[in-house]
Amino acid sequence: MTTVPLTTFQKRSPLRVVVWAVPLALLLVVLPWAVDPYQTILVAYGLVMAIAVLGFNLLLGYTGLLSFGHSAYFGVGAYAVAFMVKYFHVESMELFLVGAVVASTLVTVLFGYACVRYTRIFFSILTLALSQVLWSLAYKFYGVTGGSDGLRVPTPKLLGIVNPVGEDKIRFLTHGYYYYVLVVFTLCVAVMWLVVHSPFGMALQSIRDNETRAQFIGLRIRAYRLVAFLVSGVFTGIAGALWVPLNGLTTPDILYWPFSGEIVFMAVLGGFRNFTGPIVGAVVFNWLKTYAVGATVYWQALLGFVLVVLVMVLPTGIVGSIKLLWARARGRAFR
Amino acid sequence: MDILVVHLFNALLYASVLFLIAGGLSLIYGVMRIVNLAHGNLFALGAFATAWAIGQLFAGSDSAWLFLLLPTGAILAALLGAVLEPTLLRPFYRRPEEYQLLVTFGLLMILEDLIRFVFGAYPRSASVLFEKAGSLHVGEYVYPRYNLMVIAIGGLAALFLWAFIYRTKFGVVLRATSQDMRRASALGVNVNLVYVQAFTIGCFMAGLAGSIIVPGQSAVLGMGVDALVLSFIVVVIGGLGSLEGALVGALIVGIIREIGISVFPEIELAVLYLIAAGVLFVRPAGLFGRAA
Amino acid sequence: MPTRREFLAQLGVTTAAVGGAAAGIGVSGIAQAQEKPKGTIPDKPFRIGHMTFFTGAGAVLGEPMYKGNLLAAEEINAQGGLLGKRKIEILKADEAAGTDANTKEMRRLRLSEKVDMFMGITSSGNTPALGPIAEELKLLTIFIDGCTDFLFDKAVPNPRYIFRSTNIQSADGSTCALGVAMTWPEIKTYAHIHPDYAYGRNCYDHFTVVTKKMLPKAKSVSEAWPKLFSTDFTPHITKTLAAKPDLLVTSLWGGDYVAFYKQALQHGLFGKMKVATTLGLGSVPQAIGKDHPEGVLSGVHANYHFTYPAGNRWPLNKNFVEKYKAKFDEYPNFQAEGAYTATHVLKTAVEKANRLTGGWPDDDAIIGQLEGMMYAGPGGYVYIRPDNHQGYKDAITGFSKNVPEYPFPILDPNRIITIPIRNVTAPPGWPKGEPTSTYTWIDQTWPQMKA
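This is a predicted model, so every value here is computed, not measured.

Some details on the overall build of chain B
At step 1: Across its full length, chain B holds 13 helices and 2 strands.
At step 2: Over its C-alpha atoms chain B spans a radius of gyration of 19 Å, differing by no more than 12% from the 19 Å that the globule rule assigns to 292 residues.
At step 3: Long-range contacts, defined here as pairs at least 24 residues apart, represent 79% of the contacts in chain B between residues at least 6 apart.

Describing the overall build of chain C
At step 1: The helix and strand tally for chain C stands at 14 helices and 16 strands.
At step 2: Restricting to contacts in chain C with at least 6 residues of sequence separation, those with at least 24 account for 74%.

Quick look at the nonpolar core
At step 1: Grouped together as the largest cluster of nonpolar side chains are 369 residues, with contacts concentrated most on Ala44, Val48, Val81 and Ala129 of chain A together with Leu18 and Ala276 of chain B.
At step 2: Residue contributions to this core reach at least three from each of two domains, namely domain 1 (4-12 + 170-307 + 403-445) and domain 2 (16-169 + 311-393) of chain C.

A closer look at helix H11 (residues 315-328) of chain C
Residue and element names in this part refer to chain C.
At step 1: With 14 residues, H11 extends 20 Å from end C-alpha to end C-alpha; this agrees with the ideal 20 Å at 1.5 Å per step.
At step 2: Taken as a whole, H11 has its buried residues at Asn317, Phe320 and Tyr324. Buried residues of H11, seen end-on, are gathered within an arc of 65 degrees and therefore sit on one face of the element. Exposed side chains of H11 directed beyond 90 degrees from the buried face belong to Pro315, Asn319, Glu322 and Ala326.
At step 3: Taken together, the buried residues of H11 touch helix H2 (59-78) and helix H12 (334-357).
At step 4: Directly after H11, the chain includes Asp329, whose backbone phi takes a positive value near 55 degrees.

Quick word on the pairing of strand S8 (residues 219-224) of chain C
Residue and element names in this part refer to chain C.
At step 1: By the bridge criterion, 5 bridges tie strand S7 (residues 189-193) to S8 in an arrangement that is parallel. Of the residues in S8, the one forming a bridge with Ala191 is Ser222.
At step 2: Running through helix H7 (residues 198-214), the crossover from S7 to the neighbouring parallel element S8 is right-handed.

What to know about the domain arrangement of chain C
Residue and element names in this part refer to chain C.
At step 1: For chain C, the assigned domains are domain 1 (4-12 + 170-307 + 403-445) and domain 2 (16-169 + 311-393).
At step 2: Once you take the C-alpha centre of each, domain 1 and domain 2 turn out to be 27 Å apart.
At step 3: In this complex, domain 1 contributes 33 residues to the contact, which on the side of domain 2 involves 30 residues.
At step 4: Among the secondary structure elements, those contributing two or more residues to the side of domain 1 that touches domain 2 are helix H6 (170-183), H7, helix H9 (254-266), strand S16 (416-420) and helix H14 (437-445).
At step 5: Its residues placed into classes, the side of domain 1 that touches domain 2 shows 15 nonpolar, 15 polar and 3 charged.

Digging into the packing of helix H13 (residues 277-295) of chain A against helix H14 (residues 299-313) of chain A
All names here are of chain A.
At step 1: Interhelical geometry of H13 versus H14 gives an angle of 140 degrees and a closest axis separation of 8 Å. For the element pair H13 / H14, the angle class is oblique. Handedness of the H13/H14 crossing: right-handed. For the pair H13 and H14, contact is made by Leu288, Lys289, Ala292, Val293 and Ala295 and by Trp299, Leu302, Leu303 and Val306, respectively.
At step 2: Tallied by class, the residues present in the contact of H13 with H14 amount to 8 nonpolar, no polar and 1 charged.

A closer look at unusual backbone geometry
Residues and elements named next belong to chain C.
At step 1: Along the chain, Tyr308 connects to Pro309 via a cis peptide bond; the corresponding omega equals -10 degrees.
At step 2: Topologically, Pro309 is positioned in the loop between strand S11 (297-299) and H11.
At step 3: Although it is not a glycine, Lys244 adopts a positive phi angle of roughly 50 degrees.
At step 4: Its place among the elements puts Lys244 in the loop between helix H8 (234-243) and strand S9 (247-250).
At step 5: Residue Lys244 is classed as partly exposed on the basis of its 13 C-beta neighbours within 10 Å.

With respect to the interface of chain B and chain C
At step 1: Across the contact, 36 residues belong to chain B and 32 residues belong to chain C.
At step 2: Mapped onto the side of chain B that touches chain C, the elements with two or more residues apiece are helix H1 (2-32), helix H5 (97-119), helix H6 (127-133), strand S2 (141-144), helix H12 (243-263) and helix H13 (268-282) of chain B.
At step 3: Here the residues of the side of chain B that touches chain C are counted per class, giving 18 nonpolar, 11 polar and 7 charged.

Concerning the interface of chain A and chain C
At step 1: Each partner contributes to the interface: chain A provides 27 residues, whereas chain C provides 32 residues.
At step 2: Elements represented by at least two residues in the side of chain A that touches chain C include exactly helix H3 (37-62), helix H8 (169-197), H13 and H14 of chain A.
At step 3: In terms of residues, the side of chain A that touches chain C owes the most to one element, H3 of chain A, which gives 5 residues.
At step 4: For the side of chain A that touches chain C, a count of residues per class yields 12 nonpolar, 9 polar and 6 charged.

As for the confidence of the model for chain C
All names here are of chain C.
At step 1: Put simply, chain C has an average pLDDT of 88, and 95% of its residues get 70 or more.
At step 2: pLDDT under 50 marks residues 19-33. Its contacts with residues more than four places away, or in other chains, come to 27 contacts.
At step 3: Among the scores for the predicted complex, ipTM is 0.89 and pTM is 0.88.

With respect to the environment of Ala171 of chain C
At step 1: Checked against the element boundaries, Ala171 of chain C lands in helix H6.
At step 2: Along the sequence, Ala171 of chain C and Ala191 of chain C sit 20 residues apart, while their C-alpha atoms lie 20 Å from each other.

A word on the sheet that holds strand S5 (residues 141-143) of chain C
Residue and element names in this part refer to chain C.
At step 1: The strand order across the open sheet built from 5 strands is S3-S2-S4-S5-S6, with neighbouring strands paired in parallel fashion. Two strands close off the open sheet at either side, each with one partner strand: strand S3 (88-94) and strand S6 (162-164). Pairs of neighbouring strands in the sheet enclose a mean axial angle of 20 degrees, with direction left out of account.
At step 2: For strand S2 (residues 46-52) and S3, the ladder comprises 7 bridges, and the chain directions are parallel. From the neighbouring strand, Phe46 faces S3, where its bridge partner is Ile88.
At step 3: Strands strand S4 (117-120), S5 and S6 of the sheet are contacted by helix H4 (residues 127-137), whose axis makes an angle of about 145 degrees with S6.

Here's the deal with the environment of Lys86 of chain A
At step 1: Relative to the helices and strands, Lys86 of chain A is located in helix H4 (residues 71-88).
At step 2: As for Lys86 of chain A and Val144 of chain A, which are separated by 58 residues in sequence, their C-alpha atoms are 9.2 Å apart.

Details of H4 of chain C
One turn of an α-helix holds 3.6 residues; hence residues three or four places apart share an orientation.
Residue and element names in this part refer to chain C.
At step 1: Burial analysis of H4 places 9 of its 11 residues in the buried class, the great majority of the element.
At step 2: Three or more residues of H4 are buried, namely Thr127, Pro128, Ala129, Leu130, Gly131, Pro132, Ile133, Ala134 and Leu137.
At step 3: With its phi angle positive at about 50 degrees, Lys138 sits one or two positions after the end of H4.

Some words on the packing of H12 of chain C against helix H13 (residues 363-370) of chain C
Residue and element names in this part refer to chain C.
At step 1: One way to put it is that H12 packs onto H13 with a least axis distance of 8 Å and a crossing angle of 115 degrees. It follows from the interaxial angle that H12 and H13 lie roughly perpendicular. You can see that H12 and H13 cross each other, and the crossing is right-handed. Packed against H12, whose contacting residues are Val345, Ala349, Val350, Lys352, Ala353 and Thr357, the element H13 presents Ala365, Ile366, Gly368, Gln369 and Leu370 at the interface.
At step 2: In the contact of H12 with H13, the residues fall into 7 nonpolar, 3 polar and 1 charged.

Rules behind the numbers
Residues numbered from 1 in each chain as written. Chains lettered and ligands numbered in written order. Predicted model: local features only at pLDDT ≥ 70, side-chain atom pairs only at ≥ 80, totals over all residues. Helix = DSSP H or I, 4+ residues; strand = E, 2+ residues; numbered from the N terminus. Rg over C-alpha atoms; globule rule 2.2 N^0.38 Å. Contact = placed C-beta atoms within 7 Å. Core = buried A, V, L, I, M, F, W, Y, C linked by C-beta atoms within 7 Å. Buried ≥ 20, exposed ≤ 12 C-beta atoms within 10 Å, placed from the backbone. Domains from an automatic or database assignment. Expected span 1.5 Å × (residues − 1). Arc of directions from axis to C-beta. Pairing = 2+ DSSP bridges. Right-handed = clockwise from strand over helix to strand, strands pointing away. Nonpolar A, V, L, I, M, F, W, Y, C, P; charged D, E, K, R; others polar. Axes fitted to C-alpha atoms, helices over the stretch in contact; angles between N-to-C directions. Parallel < 35°, antiparallel > 145°, perpendicular 65-115°, else oblique. Left-handed = near helix turned anticlockwise from the far one by under 90°. pLDDT = per-residue confidence, 0-100.

Shown next as C-alpha cells:
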C-alpha cells in the first residue's frame, strides 16, 4: 500500500484550525434560524453519519484496514435502541446512547477478534460476511426484530425533558434534537481527535505504513488493531443510535452490505487521508444522495458515476484536494 | 430414493451456475488481484440480454435457432469486460486495492441502472426453451430436462476451463502471470494483454451463467447484487483465486442450500452466511486458496 | 353452531357469475353533473408527490401504480384540474432508494418542494416508516399499497392525515383460505411456499388461522420460505412434491410467481395437487402465459382484476381498462386501479368540501370528507372507514382460465368469488393484537367448524 504520510495535521498549528473551524461552528449553531427546516434536518442526518464515518476512518485512514461491513455496528446501535424501547420501554436518549455503546462494544469485540487476524481483501470480505450474518438474523427473526417491517422508536426524552405529545415534531427535530446531535457530534470529534493524536494513534499509523517494522519495534499488531476496531465500531454504533429517532423506525436495510458501501463512499468522498475528510464526506454524500433521489429515477447510476470519477480524478477526496490546491496556491504565492 | 436424486439434481443445478459466476470472479482475482464487485451485474446482463434475444427479438422463431442464441448474453458480457478492463480498471493496478474495490462498486451501481434503462423494469423470461426441452421421469417424479442441460453445460465449462488453463500455452501464460506478474513480464509476456484476456474470460463465464439459467428462471432487476453475495460465499469457502476452490465451494453451497431448504426451511437465508463466516474464521484463505 | 356453508353465507362469501357487486348501499362520488365550484379557487397547481418503485425488482408493481395516478391526473386536468382550476402535477420519487432515503425524500417533498399531497408506496416496509413522518409533516397522504396491517395496528393507530386505498394485507390470506374452504373442503393436507418477508408471513398466518376454523381436519405438512425475488424455486418445489399434499398455498407474486409456475409445470406439480395463490394473477396480468394451468385459485391481492366487474355491468371498470390500455398498452393491475381510484377519491373529497365551505378546502375539510366516504371506483365500491382511514372494498379471487379474448389467463368469469372485506377483517373497536388485529379477531370470535 503506497504511503501518503499525514504530515499536514502534524504541522498544523492550532491557530490555522481556528480560522476555519470557528466560523463553521458558528454556522452550525445558528443553522436552524438561518435555513429552512428541511435543510436543518438534513444537516442533522449528515452530522450523525459523520460520526459513523469518523469511526470508520479510524480503521481505514489510520490503520489501513478497509471494512466493508460497518453497517453491522450502525445497525447494532439502531436496533439496541429499538430493543430498549420494545422490551424495557426506555425513553431517555441518554440511556439509548449507553445501550448502543454497550451493544456495539460487545459485537465489535466479537467480530473484531476474528477480523483483525487478516488484512487487505480477506479483512474486507470477512467484515462483509459478518455484517450479512447480522442482516439475515435481523430479517429472519421477525418476532424479535420486526423483520422487514422493522421496529418503531417514538420520540425520545432529551436530558429527561419530555417532548409533549402533539407538539410539532418538526420543531423538535430542527431545534431540540438538532442541538443534541450537534453536541454529541462535537464530543465525538474531540474524542477522535485525541485518539488519533495520542501515542495509540501514532502506533496505528506506523502499523498501517509498515507492519513488519512496527512489529520489530515491539508493537502488538493484533491488539492495536482490535482496539482500533473497537473504537471504530462504537463510534458507528453511537451514530446508529442517534439516527433512529430521526426516522422513528429501524429496518434491516441499514444492515445490508450496500449501506456499508455508502459509508466507504462517504469516507472516500471527503478524503480518508485527513481527519476532517470523513466529516465533510458524510455531510456532502447525504446531501448528494438526497438530491440524486429527488432528481432522477436513475439515482444509483448517478452516484456510481460520481464515485468512479471521484476515485479516478480526486482520489484524495474533497478535503484532500482542497488541501492540495491550497498548498499549490501558497507555494505559488511564495515564489 | 428417487427424491434424493431429484435433490441432487437441484443442488447440481445451483452449483453449476454458481461455479460459473464464482469461477469467473476467482479467475479474475487469481490473475489480476482484483475483486470485481460488479461481477454479479455481468451475470445479470447476460441473463437480460439472452432473455431479450430469445424472448423478444427473435420470439416465435424455431427453437433450434433459439438454442443457438443462448450464448448471446455471454458474448455481450465478454465484450463489455473487454472494454471495461483497459478503460476503467487498468489505471488502478498501481493504486492501493481499496480504490479498485471502490471503482468496481461504482461500476456496480452504474450497471444496475444501465440494465434497467436498456431492458426496462419488468422481469424478462426466455421460457420457451425451458418448455421445449420437456421433462423426464425420475422414478415417480418429473424433472425438467433443461435443468440437466444446465448441469451438463456447467460440467463441460469446468472441464473446458481446466483444460484451457492446464493444457494450453495460453493457460501457462495465464498461470505464470498470476503467480508472479513481474517475472512473467520480464520474460516477455504482454501482461496487459493477458489481463484483458483474463478479465474477458471471467466476464464471459458470468454472462454464460446468466444466459443458461434464464430460460428456466427469469431475469429480474437486482439479481446481480444477490449473485455477487452468493459468489462471494463460494470463493470464501473455496478460496479466492482458485478454480478448484470455486468448483468445490459451489458444490458445497448448492448441497447445503438444498438440505437447508428441505430440512430447515426457516434457516435458508442465514445458513450460507454463517458457513462463509465459519470458514473464514477457521481457514481464511478458503479450502484451496493461498493467503496472498 | 353454523355449518361451513352457512357460515360462508353469513360472511357474504359468494360466487358471482358475472360481476354481482353488492347493491343498494348509498353511494357518493358517482359522476354527477359538473357543478360550478363555490367561491374563488386559486389556480396554483396541485402538487402530488408520488413515490413508488421505479427501479429494482419491485418496479413490476411500482410502475403501474404511477401510471394509474397519471391517467387519473390527466383526466382531471383535461377538465381544468381540481375544481376546474388547479391542475395536478406529479413529482416522482423512487422507493427503491431504501427506507432511510425515502423518509428524507418525503420530508424534502413536503418542506422544500411544498407538495400538497403524497401518494404511492408499494412496500410494506415503507408505510410504517412513512406513515408517522406524514403525520408529523401534516401531509395529506393516500397510501396505495404497503398494505401491512402493522401500519394502522401499531405504527399509526389513530391516523389523521394518512389514508390507504387498497385492501389491508390480512385480507389476502383470509380470502385465499375462504376460497379454498368453499371450493375444496375435502383437502386433508396442505403445503406452504411463501416469500420470506412480512407479506409472506402475513399470508401464512391468516391462511392458517382461517383454515383452522373452517377445515379443522386439514393440516400443514410442508413449509418453504424462499427469499423474496429469488428466481430458483426448484428446491422448494421438490420439497413440496415430496410431502405429497392435497393443496399448495403460495403468496409468491410478480416475477417470482412467473418463474415458480413455469418451473412447477415442468415438475408436474400442478397435476399432483390443487394450488391456491394470494397474488398469482394480480401483479402483472399479461406476464402469465397461457401455459399456466387452469383452475388454480388465483388471488389478486384481494383487490382487483381488470376483468371484474365485467363489461357493461360496471361501466366504470370498462372505461378505466380501455383508457389504461390505450395509453399504456398493457392491462391495469390492482396497483393501477388503487392509484386511479385514490386520485378520484381525492377529487371527490375536494369537491364535496368545497360545496360546504367554498374556496379551496383546507386539509381538515378534505379529511372530513374522506372519512366515511363511499366511492364507486373501477374495482367496485370502496369505503373509507373513519376510525382507521383504511379503504375497504369487496375482496375478490377466482380461478385461472384461458379465454380467446386475451393472450393470457384471466379469472374465470363464471366462478368469481367475492367477499365483503368488512366481514373478514377486524371491526372498529376491536383491540389491536398480535400478529394482527384481524388474526386475533378471527381466532377469538369465529366459530370453529366441525369436520
